[in-house]
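# Examining the three-dimensional arrangement
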Amino acid sequence: MFSGRMTGSQSSLLLAQLEELHELAFIERPIRRSLKTAEEIDQLTVDEDLNDIERAVYLLSVGQEVQRASVISNLPILVRQNPAETFRRVVPKVREVLNGAGVEIQLAAAASFLTILQDDIILIHTHTYSILKTVLLHLNHRDTVVSNAWLETLLSAINALPKETIKQEVLNPLLYQSQLSHSLQARLSSCRILGKVACKFDSHMVKNELLPLARSLCQDVEFEVRACMCRQLESIARATGVDDTRTELLPELVELAEDEESNVRLAAFDTIINLMEMMDSDDRVHIVVPLVMSVCEEATPADKAVLVSLSFQFGKLCSGLEGFLSDEQKSRLLQRFRVLCVAGLQTEGNQTEGSNESILVRCNCCYNLPAMVVFAETAHFLSELYPSFSSLCCDPEVSVRRSAAAGFHQVVKLLGSNVQLVHKELLALLQDDALEVLDALMNHLEETLEAVLSRGENVTLDNKIPELLAALLLAEQKVGCSLRWRLHEKLLQRYSYLARLLPGEVLHQSFSPRIFIILTTNKVLPVQKEAARTFCMFLRYNRKHDQRQEMMERLIQDLAQGRSYWNRLRFLDICEMATEIFSRKYFNKHFLMPALELVHDPVANVRYKLCQLLPRLRSSLRLPADKQLLQQLDFCVQKLLCREKDKDVVATIRKTVLELDKLDLTEPFHKRQERDLLDQKKEKEETLLLEMLERQQTDGKLNSDKHTERKRRDSKTSLSATKSMSVSSSGAAFSSSGKEMRKAKLSRSRSLSSQPTISKAANSDRPLKGKELSGTSGSGKSSNKDDSLRTAHFTMATQSTSSMPVLIRSNTTGLLDRASALEHRSSSSTMDHRTSTLDQRDHRSSALDHRTSNMDHRTSTIDHRTSNMDHRTSTMDHRTITMDHRTSTMDHRTSNMDHRNDGMDHRTSTLDHRTSTLDHRTSTLDHRTGTLDHRTSTMDHRTSTLDHRTSTLDHRTSILDQRAGSIDQRDHKTSTLDQRSKTMDRSCGIKDSQSRKLSINRKSNSFTIQSARD
């Protein structure tokens, strides 16, 4: 079965390849047919020796249409390169080509001139006439598209044209074209030009010359002209001023708002809303409010254009009319806004209408939501706007949800403490399937999270934070699975802001593992770098030392010492970011040494990256505190210089060494001081974070110790009070004769008892018991009293045998007398025993009182000592601050000494340079001396050559003498030869003198060289 599937898939793949081949063959046929012939290629060929201006003129003169269009499209480039020659030679040719040219060339020319005007390539005043004449000449082209293109060029040129040129070249033709005899396109162009030129003149000129023309166009027979002119009245109103707008233009706008055409009414409505800031309270109450209410009531779902405009202007009109509406009108506007928020969602058959106008209406409602929250007030958000807001956040159209996400941060800020109301919608947007929605939400996610997470006092919201964190993690996973790495990078950048809003332990448990996975597994470099920055931010703001240590160890083990060279490169990227995030002290303690250990890395790319990072690592060191680390860095540089074999790494380390030499010299002192101050600020923040954690832990321990001490003290006090209360109650029950003792015990029980209700109950029982005891003193006369006394005796003292009641109930008199005597004796002994017991208890209670007073004294002593310790702690804090100040002063002095040392190093390097220069000059002198020696040897060789020639001449002279002896007739020749011989002798003497001089020069040169060497 599986093999069958494989064969089927292979056959389908083969068919697909065959179809692609057929398509390619079909595509190549017209390409082959459309190849140019040799003659056509010759016509399209241009001489390469021509410059750009000459080539453009040649192509505009004899080139084909496609070549002319290309030259006109590249006209802005020619203007940038050589504006004078372009306007002198090329632009006239362009005007010639435009006469009778096609639509393509016309559009290209309009776009080129528009680019020239918008980019400020030229000085407009220099070439105004040539551009303006060309634009006005083709403004009334028969093609509407071409005419609109030239109109846009003219409107852009008006911004840079002087007033006189506009008045002569633009306004005069404008008065003529605005007449009814001209075409509709000409009158529409006049409306737009009129609105554009109004801002160039003063109010008097606009009121006297432009306003009558605008009124006439507002009364045009064509509704397109009336609507176009109505939209230009805003510019004219701002040019004329507030007073003229109220008296001249506002009645015209009110009349246009009642026009028979809906387009004109809509244009008047938009213009009135835009000019509402120029109206006073009376105009708003009597003109704008009735107009707005009528438009809101009369607009039907069929009027798509009206609904689009109304939804776009809704927030602005509600804000402008907020103080001029009654409660009923306000509620009607809110109801209308709620209807607009669901426009197109509920139609006949409960089906969603997917028209572009309905979607645009809902998008405009999302845009106006913040203004409507202000209009409805935050307190009434839940009842008035929350259903609409929730509907927009869950809209079936992606564009609507994207608009809601784009403005979500503004709504959250306005809600304030009621932000928990939109928590569900925030989760829905974070979990949206469309990444466009998440992209829009990410643009201001830090503001949204700050508004949501800063409401920590809200218990309901605190319970929903885990859901929010889970939604954020799911959003990151969703984006990570897609191919939109730029969105992933943006999301990680926004997540780094969580370090300032959430506790470090929460981030360590939920976000840090995921960020680390992205850092080690993601294949996109920008995403990895942003994940590294986010991880560093989490590490920076984590207060718990063990968690920070765990994160740092994981960075070193998995990245700095990882098996993949890609991870080791990421660790170097993290080091580069850590220099910006952490203080120098923390960076040098945790990041510097693992980075320098990568000098032994077997991969050249890692060493190459380390070489690039060395100047940044060097800038984090300060002497003399970091002397050992500086030695390690120098050792790393020396090892790279001596042992490196890769040519790219060698070139980089040499360049890096030069940068390291210039590092302390090129950096200005004030910038270095600013960096030092910033580093001190970072170090103080890190110290404060750790101190806050330690203080919280110390406060928790102190609170627990105080709570335990308080419980122990309360238990001792209650125990002593219970014992004293039992002693007082027993003494009151059994003492019949010691009234003073009873009073003392009663007062003691009141002073020690912590429950007054119990003491009152004991006092209330005391009279009854006193009566019973008084009855016992006079016993023995009546049987009822005896029975009561015996009953009390048996119940409160000792239990007698079971036969006693039988003997008491007998009628024998002797037995009664004996029993009474026995009772009296036993009661007396019992009372003596109990009196002694009470005395012992009084002694114990007094001892307990004494101990309690001692405990109170000790407690007060401990409190006093605690206050002394607090005072000492504050003194130590003050001393610590003083020491910090002194330390900073010493650091500043140390930095000054470093600066001075750097100056000395610079001077030393300068002296070394001068010494090397002297050595170079000495070597140059040696070279020159060698050259002189060579020249001297050459002269010696030449002298020997001359001597040889002299000997040859002497030989010839002897031959001549022989001939003279044989030919005596030639006396004259002989005398001549004698003269020549004399001349040769003279020349030999000269040669001898020259040789002597040369020897003298050699000796002087050798002496000079020797002195120079000395």
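From a predicted model like this one, the values you see are computed outputs, not experimental measurements. Just so you know, the residues in each chain are numbered from 1, in the order the chain's sequence is written. For a predicted model such as this one, the threshold for reporting local features is a pLDDT of at least 70, and the threshold for listing and counting side-chain atom pairs is 80 or more; totals across whole chains, interfaces and linings nevertheless cover every residue. Excluding hydrogens and water, the side-chain values take into account all heavy atoms of the structure.

Going along the chain from the N terminus, every DSSP run of H or I of four or more residues is numbered as a helix, and every run of E of two or more is numbered as a strand. Helix and strand counts for the protein chain come out as 46 helices and zero strands. The rule is simple: take the accessible area with a 1.4 Å probe, protein chains only, and divide by the maximum for that residue type; under 20% is buried, over 50% is exposed, in between is partly exposed. The buried share of the protein chain, reckoned over its 1014 residues, is 36%. Counting only contacts in the protein chain whose residues sit at least 6 apart along the sequence, the fraction spanning at least 24 positions is 70%. When the accessible surface of the protein chain is split by element, carbon and sulfur atoms take 53% of a total near 60,300 Å². Residue contacts follow a heavy-atom distance rule, with two residues in contact if any of their heavy atoms lie within 4.5 Å. Where accessible areas are quoted, they stem from the Shrake-Rupley method and a 1.4 Å probe; at the residue level, only the protein chains shown are allowed to cover.

Here we come to unusual backbone geometry. Of note in the backbone geometry, Glu 377 takes a positive phi value of approximately 70° without being a glycine. Relative to the elements of secondary structure, Glu 377 occurs in the loop between helix H20 (369-376) and helix H21 (381-384). Given the relative accessible area of 40%, Glu 377 is considered partly exposed.

Between side chains of opposite charge, pairing is possible as soon as their charged atoms come close. A pair is scored as a salt bridge if a Lys or Arg side-chain nitrogen falls within 4 Å of a carboxyl oxygen belonging to Asp or Glu. A complete count under the given rule lists 32 salt bridges for this structure. With a shortest N-O distance of 2.9 Å, Arg 192 and Glu 152 are connected by a salt bridge. Separated by 40 residues along the polypeptide, Arg 192 in helix H11 (residues 184-197) and Glu 152 in helix H9 (residues 144-158) bring together distant segments of the chain. The class of Arg 192 is partly exposed, set by a relative accessible area of 29%. Asp 244 serves as the salt-bridge partner of Lys 207, at 3.5 Å between the closest nitrogen and oxygen. Highlighted residues: Lys 207 in helix H12 (residues 203-218) and Asp 244 in helix H14 (residues 242-256), separated in sequence by 37 residues. By relative accessible area, Asp 244 is classed as buried at 19%. What you see here is one network of salt bridges that share partners, running through Arg 533, Arg 570, Asp 573, Glu 576, Glu 580, Lys 609 and Arg 616.

As a further point, take the packing of helix H32 (residues 525-540) against helix H33 (residues 545-560). Only the stretch in contact is used when a helix axis is fitted, and all axes are lines through C-alpha atoms; the angle between N-to-C directions ranges over 0 to 180 degrees. It is the contact of H32 with H33, at a shortest axis distance of 9 Å, that shows an interaxial angle of 150°. By the angle between their directions, the pair H32 and H33 is classed as roughly antiparallel. Along this stretch, H32 crosses H33, giving a crossing that reads as left-handed. Where H32 approaches H33, its residues Phe 535, Phe 538, Leu 539 and Arg 540 are matched on the opposing element by Arg 548, Met 551, Met 552 and Leu 555. Throughout, the ten residues Ala, Val, Leu, Ile, Met, Phe, Trp, Tyr, Cys and Pro are labelled nonpolar, Asp, Glu, Lys and Arg are labelled charged, and all others, Gly among them, are labelled polar. Here the residues of the contact of H32 with H33 sort into six nonpolar, no polar and two charged. Angular relationships are summarised with four words: roughly parallel below 35 degrees, roughly antiparallel beyond 145, roughly perpendicular across 65 to 115, and oblique for the angles in between. Here a crossing is taken to be left-handed if its near helix is turned anticlockwise relative to the far helix by less than a right angle, and right-handed if that turn runs clockwise.

Moving on to the environment of Met 577. On the secondary structure map, Met 577 appears in helix H34 (residues 565-581). For the pair formed by Met 577 and Met 537, sequence separation is 40 residues and the distance between their alpha carbons is 9.9 Å. Contacts of Met 577, omitting those with residues within four sequence positions, involve Lys 529, Ala 532 and Arg 533.

Most often, soluble globular proteins have nonpolar side chains that are buried together. Ranked by size, the top nonpolar core spans 214 residues in total, and within it Ile 193, Ile 236, Leu 472, Leu 498, Leu 555, Phe 591 and Leu 617 carry the most contacts. If you tally residues by element for this core, the top one is helix H13 (residues 223-240), at nine residues. In this structure Leu 555 touches Phe 516, Leu 519, Phe 535, Leu 539, Ala 560, Phe 571, Ile 574 and Phe 591, once residues within four positions along its chain are discounted. Remark: nonpolar core denotes a set of buried residues (Ala, Val, Leu, Ile, Met, Phe, Trp, Tyr, Cys) joined through side-chain atoms within 4.5 Å.

Given a helix with a known number of residues, its expected span is that number minus one, times 1.5 Å. A rise of 1.5 Å per residue sets the reference length of H12, with its 16 residues, at 22 Å; its end C-alpha atoms lie only 20 Å apart and thus fall more than 12% short of the reference. Here H12 has its buried residues at Met 205, Val 206, Leu 210, Leu 211, Leu 213, Ala 214, Leu 217 and Cys 218.

Another aspect to go through is the packing of aromatic side chains. Any pair of Phe, Tyr and Trp rings, taking the six-membered ring for Trp, is counted once the centres come within 6.5 Å. Such a pair is stacked with planes under 30 degrees apart, edge-to-face with planes over 60 apart, and tilted for the rest. As enumerated under the stated definition, the model contains 14 aromatic pairs in all. Aromatic pair Tyr 495 and Phe 511: ring centres 5.7 Å apart, planes at 85°, arrangement edge-to-face. Note that Tyr 495 is positioned in helix H29 (residues 485-495) and Phe 511 in the loop between helix H30 (504-510) and helix H31 (512-521), a separation of 16 residues in sequence. The burial state of Tyr 495 is the same as that of Phe 511; both residues are buried. Ring pairs connect the aromatic residues Phe 571, Phe 582, Tyr 586, Phe 587 and Phe 591, which therefore count as one cluster. A ring is considered to have a charge above it if a Lys NZ or an Arg CZ atom is located within 6 Å of its centre and within 35 degrees of its normal. The ring of Phe 375 carries Lys 330 above its face, with NZ or CZ at 5.2 Å from the centroid. In this structure, Arg 570 is placed above the aromatic ring of Trp 566, and the distance from its NZ or CZ to the ring centre is 4.6 Å.

Our next topic: a nonpolar patch on the surface. Patch membership needs two things, relative accessible area over 30% and no salt bridge, and members are linked within 9 Å if like-charged or within 5 Å if nonpolar (Val, Leu, Ile, Met, Phe, Trp, Tyr). A surface patch of nonpolar side chains, amounting to about 220 Å² of accessible area, comprises Val 103, Leu 107 and Val 145. Within the fold, Val 145 resides in helix H9.

Another aspect to go through is helix H16 (residues 281-298). In this model, H16 (18 residues) spans 25 Å end to end at C-alpha, consistent with the 26 Å of a helix rising 1.5 Å per residue. Bend angle per residue: angle between axes fitted to the 7 residues ending at that residue and the 7 residues starting there. For H16, the principal kink sits at Val 288 and spans about 35°; a proline, Pro 290, occurs within the next four residues. Looking only at H16, the buried set comprises Asp 283, Arg 284, Val 288, Val 289, Leu 291, Val 292, Met 293, Val 295 and Cys 296.

Closest axis-to-axis distance for the H31/H32 pair is 8 Å, and the angle between their directions is 150°. You can see that H31 and H32 cross each other, and the crossing is left-handed. In this structure, H31 uses Ser 512, Ile 515, Phe 516, Ile 518, Leu 519 and Thr 520 to contact H32, whose residues at the interface are Val 527, Gln 528, Ala 531, Ala 532, Thr 534, Phe 535 and Phe 538.

The next point concerns the state of the cysteines. Defined by distance alone, a disulfide is two cysteine sulfur atoms within 2.5 Å. Following the criterion strictly, the structure yields zero disulfides and no others. Looking at Cys 393, it has no disulfide partner, and the nearest cysteine sulfur is the one in Cys 394, 6.4 Å off.

To continue, consider the side chain of Gln 232. On the secondary structure map, Gln 232 appears in helix H13. Leaving out residues up to four positions away in the same chain, Gln 232 has contacts with Cys 191, Arg 192 and Gly 195.

Let's shift gears to the confidence of the model for the protein chain. Confidence scores here are pLDDT values: one per residue, from the predictor, ranging 0 to 100. Per-residue confidence for the protein chain gives a mean pLDDT of 76, with 73% of residues at or over 70. The lowest-confidence element of the protein chain is helix H44 (residues 804-808), averaging 33 in pLDDT; the highest-confidence one is helix H23 (residues 398-406), averaging 94. This stretch, residues 1-11, has a pLDDT under 50; its non-local contacts, to residues over four places away or in other chains, come to zero contacts. Ignoring residues within four places in sequence, the model shows residues 26-33, a span with pLDDT below 50, making zero contacts including any to other chains.

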